[in-house]
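# Structural description and commentary
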Amino acid sequence: MRLLLERDIELAAVRAAVAELAEGRAGAGSERLLVVTGAAGLGKTTMLAAVRRDAEAAGLLVLHSRGGEQEQGSAFSVVRGLLRTLLEESGEEGRRELLGGWYEIVGAALGLDATGGAPDPQGVRDGLDWVVTNLAVSRGPLVLLVDDAHWADAESLTWLAAFASRVAELPVLLVVAYRPDELPDWADAFRGMAGDNGVQPLGLSALTPEAVDALVREMYTQDGGHSTVEDGFSREIWAVTGGNPFETVQLVAEARDRGIAPAEASWGQLRELASENTGHGLIARLRRLGHGAVDLAHAVAVLGIATPMDLATVVASQRPSEAEAAAEKLRAARILTGRRILEFVHPLIATSVYHSIPEETRARLHDRAAWSVLEAGRSPVVAVRHWLEVPPQGDAGRVEQLRAAARLFMQSGAPETAQRCLARAAAEPPPVAERAAVLFELGCSTLLYDPAATAGQLRTALQQPVIPVRLREEISVRLAQSLAHSNSLAEAATTMADEAQRAEDEAVRLKMQVWNFMWCAFDAWEQGSEERSKRLAMLAESLDHAGDRSMAARYILGLRAWDATVRGEPVNVALHYSDLALSGELRWAHPEWGFEVPVLVAMTYMYGDRPERALELFAQGIAEYEEAGWRGAHLAFGHTILGYVHYRTGDLAAAEASARLGLELANRVGEGTPAHWYAVGTLIAVLTARGELDQAEELAGRYEFGAPYSNAVVFPDAQTVRGGLLLTQGRFVDAEAELSEAGARLDGRGMRNPGWCGWERALSAACAGLGDLARARELAADQLDRAERFGTLTAIGVAMRAAAELTVDPEERVAQLEEAVTILERAPAPYERARAVFDLAAALDAVDRDAAPVFRRAAQLAETCSADALALAARARLGG
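In this report, the structure presented in the accompanying data block is examined.

What counts as what
The residue count restarts for each chain, going from 1 along the sequence in the order it is written. The predicted nature of this model means local features are confined to residues of pLDDT at least 70 and side-chain atom pairs, given and counted, to a pLDDT of 80 or more, with totals for whole chains, interfaces and linings taken over all residues. Working from all heavy atoms in the structure, the side-chain values ignore hydrogens and water. Every axis in this analysis is a line fitted to C-alpha atoms, fitted for helices over the stretch in contact. Angles between the N-to-C directions lie between 0 and 180 degrees. Runs of H or I in DSSP of at least four residues are treated as helices and runs of E of at least two as strands, each being numbered from the N terminus. By convention, the crossing between two helices is left-handed when the near helix turns anticlockwise from the far helix through less than a right angle, and right-handed when the turn is clockwise. A contact between two residues is defined here by any heavy atoms of the two lying within 4.5 Å. In this classification, the charged set is Asp, Glu, Lys and Arg, the nonpolar set is Ala, Val, Leu, Ile, Met, Phe, Trp, Tyr, Cys and Pro, and all remaining amino acids, among them Gly, are polar. For every residue, the accessible area obtained with a 1.4 Å probe (protein chains only) is divided by the maximum for its type, and the residue is called buried under 20%, exposed over 50%, and partly exposed between those limits. For two strands to be treated as a pair, DSSP must find at least two bridges joining them. By convention a nonpolar core is built from buried Ala, Val, Leu, Ile, Met, Phe, Trp, Tyr and Cys residues, the set being connected through side-chain atoms within 4.5 Å. Helices are assigned an expected span. That span is 1.5 Å times one less than the residue count. Each salt bridge in this description consists of a side-chain nitrogen of Lys or Arg and a carboxyl oxygen of Asp or Glu lying within 4 Å of one another. When an angle is under 35 degrees it counts as roughly parallel; over 145 it counts as roughly antiparallel; between 65 and 115 it counts as roughly perpendicular; any other value is oblique. Geometry of aromatic contacts follows a simple scheme: Phe, Tyr and Trp rings, the Trp one being its six-membered ring, pair when their centres are within 6.5 Å, and the pair is stacked under 30 degrees between planes, edge-to-face over 60, tilted otherwise.

Our next topic: the packing of helix H10 (residues 209–221) against helix H12 (residues 245–257). Interaxial distance between H10 and H12 falls to 10 Å at its minimum, and their mutual angle equals 35 degrees. Crossing of H10 over H12 shows right-handed handedness. Contact residues: Val-212, Leu-215, Val-216, Met-219 and Tyr-220 in H10; Thr-248, Val-249, Val-252, Ala-253, Ala-255 and Arg-256 in H12. Taken together, the residues of the contact of H10 with H12 break down into nine nonpolar, one polar and one charged.

Given below as structure tokens:
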């Protein structure tokens, strides 16, 4: 029987795509993504079946999966379906070979017993990209088929939408089918997948009367049936079904089985029969099959796609013989199909049957299904979707299983699904002794994507009547983190200060002090920073003298190093405490201690003219993020700040590459995140240094890089970067306003190190541009004083160059610039050295001294560090 009437164009497209993939052809016209859309019953599944047949006949590796209305809330269920057969057919060694170094990151998402931590969602998606890409290259070409994608889980849809942009470059054909009107509201990325990749969906429409007539005649004449079909009969079939292929086949098959003659006079019987195949009519027909058939159909509807017969038997509370008899009736009635694995003939039937189940009965079946799944040895992640459909009843066992499923979802990189499980566990409610723990876990599950909600949940946790001491400490730390990530840094610091005073154990008190000092350090508007710095210095000194090298102690020592850096204390003080902080393990991907202090320690080495140590630590940290599957905001920060290290140490090409990668990673997480302040600020600074001023300005506009600025301290300081960009545009008034405000804010926080933030240098230039030379010179002189106190060659050399720019006497300017160049020759700052040498050449030229060798030297230095505009300017002064 031909089930693909009037689908010639669509069939030609899919067959061409399969042929191109099989033959290894690719090009501008090649299709690697096919999107089949249409309402229910129009033949999307049949179209995908045709793709599968052609692909398998061509010897291609085919992986297929489908969404299910009842499985939509189970994270990565569609992805697991794609890889399930391969994983089941492989032993442990084969599975590890298939997943490679990503085993611990993606294993849990694929239903394996991976023992890794909790990767972020982007890490899992990157891992799946690698697994499927490796599979396509090593065992492909590969065809991925996903049917009923409108019912796919959020995590699978998000991955598919992102992976679709890569298939054009791989030996992969991705084919998805879905009902456009039934895609969830949150599926915007998937909804735009076709258009974003320049693909026109293959939209299926209803059959014409002529096609229905051909189908009716074929079905009535096969197997020795009637040879004469009246035109009016086919027209009535078309009118009743609206040309829907599935409904047409169902209706004609029923009509044949009941001996309805294919004549115009049969229209009344046809309409009565059609009413039995949809909606209330279908349910009435099901009920006529008897209680046993109804109960089994209800069990399969609740259990979802690909239901094992033995599991359906248990959920239906039937003996095996009863269940088999019921299944036979349902197969004969074209409601169910399959024997060992039962499924509804079409999702439309499944939906009708499921929604016909009385609410109380449905809840009872879901509860029974959940326990039956567990007793069958399945994971809690399979059972949990059923409990999400069951009203709260105060069942402690259910709470335990919901929490277990949430832990597995966190290991799968699906925090939002974990959050749903824990919210349901909290609603059960848990036993009094466990309520704080459940609320704590609930808060932790939302920390990465909804810190404000986390704060509310954790506050509620702290209000519970029973909270073990250790748990209270953990809740408080996470509460402070959520507040900090919600731009409430002062409240985060206060929360930790209160807990430090409450703590009776000295080690716990020290840990709370770590977090208090850290959130204070990141609060851009901190009050009382001078007093806080004194307390931090005293504590660090006492820990140093006591030889305390515990984790908490080394975090305090690292914070002391950073505080000394930004305050502009002698650099040896900062480096001393950084060395102490690294006297033991200081992990960047530590699940308890966070990444902030290790990053600050690495930055201390950069500002302290020890770039090689900073680069080494960043390489280690980024590798640790990747190994842990932290490939979202954490990795964005890592690459961005690495770019800033390259910028500060004069490798501008590497700086731009790292900053662009950091911004790309930040964009994948979502715009408006803290990572964007770091990435955009760094990239603007780098582009400005390279002379790409139009790009820098466009970037600032694209990301609205300006007031209001982040409430958290970021580096480079965003307002200073903005002021510097305005300066390059000759907007001296605006630049002066921004930079004066930045300076007042930073000085108010005691952050006076010009080596950390060069606002004074930029403000001095803005004042000079406005003709206020007195203020410009005052600022330059103050910058030099601060630089000499800090004591790095880079800071001193840069400050000397800035002061020389404002010197009136030409010979004196030459002398000052020669001294600046001499200092910078010994500093790890090639870009600043190139700028100073260029200025020296210009000063020599102004007093009619031979400047050509110095301009040549400036050009060479600028070219070495990729300062393109500076190199061109130097070459231009040489006359070519």
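This paragraph deals with the environment of Arg-334. With respect to the helices and strands, Arg-334 occurs in the loop between helix H17 (320–332) and strand S7 (336–337). Of the residues examined, Arg-334 reaches a relative accessible area of 23% and is grouped as partly exposed.

For the rest of this paragraph, the subject is helix H18 (residues 347–356). The set of residues buried in H18 consists of Pro-347, Ile-349, Val-353, Tyr-354 and Ser-356. Where H18 is buried, its residues touch strand S2 (61–66), H12, helix H14 (279–287), helix H15 (291–303), strand S8 (341–344) and helix H19 (359–375).

On to the sheet that holds strand S5 (residues 202–203), then. Pairing is parallel across the open sheet formed by five strands, whose spatial order is S2-S3-S4-S1-S5. Each edge of the sheet is formed by a strand with only one pairing partner; in this case those strands are S2 and S5. The pairing of strand S3 (residues 142–147) with strand S4 (residues 172–178) spans five bridges and is classified as parallel. If you follow Val-143 over to S4, its bridge partner there is Leu-173. Across the sheet, helix H3 (residues 77–89) is in contact with S2 and S3; its angle to S2 comes to roughly 145 degrees.

To continue, consider the nonpolar core. In terms of nonpolar packing, the biggest core is built from 266 residues, with Phe-190, Trp-519, Met-603, Phe-715 and Trp-756 touching the most fellow members. For this core, the element with the highest residue contribution is helix H35 (residues 674–690), accounting for eleven residues. If sequence neighbours within four positions are ignored, Phe-190 has contacts with Ala-149, Leu-157, Leu-160, Ala-161, Val-176, Tyr-178 and Leu-183. Counting residues in hydrophobic clusters, the runner-up holds 23 residues, among them Leu-60, Val-62, Ala-177 and Leu-202.

Here we come to helix H23 (residues 432–446). Over its 15 residues, H23 runs 22 Å from end to end, which matches the ideal 21 Å to within 8%, given 1.5 Å per residue. Along H23, the residues classified as buried are Ala-436, Ala-437, Val-438, Leu-439, Phe-440, Leu-442, Gly-443, Ser-445 and Thr-446.

It is worth spelling out the sheet that holds strand S6 (residues 307–308) at this point. Overall, antiparallel pairing links the three strands, which are arranged S6-S8-S7 in an open sheet. This sheet does not close on itself; its edge strands, each paired only once, are S6 and S7. Where S7 and S8 come together, two bridges link them in antiparallel fashion. Following the sheet pairing, Leu-336 is matched in S8 by Phe-344. Each of S6, S7 and S8 touches H15; the most contacted strand, S8, lies at about 90 degrees to it.

What follows deals with the pattern of salt bridges. Side-chain pairing between opposite charges can occur once the charged atoms of the two side chains come close. Applying the stated rule across the entire model yields 67 salt bridges. Among the salt bridges present, the one from Arg-532 reaches Glu-526, with a minimum N-O distance of 2.8 Å. You can call Arg-532 buried: its relative accessible area is 3%. What emerges from the salt-bridge pattern is a single network uniting Glu-254, Asp-257, Arg-258, Arg-285 and Arg-334.

It is at 8 Å that the axes of helix H41 (residues 793–805) and helix H42 (residues 810–825) come closest, and there the two elements cross at 165 degrees. As the angle between them shows, H41 and H42 are arranged roughly antiparallel. The crossing of H41 and H42 is left-handed. Across from Leu-793, Thr-794, Ile-796, Gly-797, Val-798, Met-800, Arg-801, Ala-803, Ala-804 and Glu-805 in H41, the residues of H42 making contact are Arg-813, Gln-816, Leu-817, Glu-819, Ala-820, Ile-823 and Leu-824. For the contact of H41 with H42, the per-class residue count stands at ten nonpolar, three polar and four charged.

Here the residue pair Gly-140 and Pro-141 is connected by a cis peptide bond, since its omega of 5 degrees sits within 30 degrees of zero. A cis geometry characterises the amide bond from Phe-715 onward to Pro-716, with omega recorded as 0 degrees. Examined against the element boundaries, Pro-716 turns out to sit in the loop between helix H36 (693–702) and helix H37 (718–728). Positive phi, close to 60 degrees, is recorded for Phe-76, a residue that is not glycine. Here Phe-76 is to be found in the loop between S2 and H3. Residue class for Phe-76 comes out buried when judged on its relative accessible area of 2%.

What follows covers the packing of aromatic side chains. Within this structure, the stated rule accounts for 19 aromatic pairs. An angle of 75 degrees between the planes, with centres 5.1 Å apart, marks the rings of Trp-588 and Phe-618 as edge-to-face. Here Trp-588, found in the loop between helix H30 (571–581) and helix H31 (596–607), pairs with Phe-618, found in helix H32 (residues 611–628); they are 30 residues apart in sequence, far enough to count as distant. Both rings, one in Phe-637 and one in Tyr-678, keep their centres 4.9 Å apart while their planes meet at 90 degrees; by these two values the pair is edge-to-face. Separated by 41 residues along the polypeptide, Phe-637 in helix H33 (residues 633–648) and Tyr-678 in helix H35 bring together distant segments of the chain. Both residues of the pair, Phe-637 and Tyr-678, count as buried. Ring pairing ties together the aromatic residues Trp-562, Trp-588, Phe-595, Tyr-607, Phe-618, Tyr-625, Trp-630, Phe-637, Tyr-678 and Phe-715, which thus form one cluster.

Keep in mind these values describe shape, not function.
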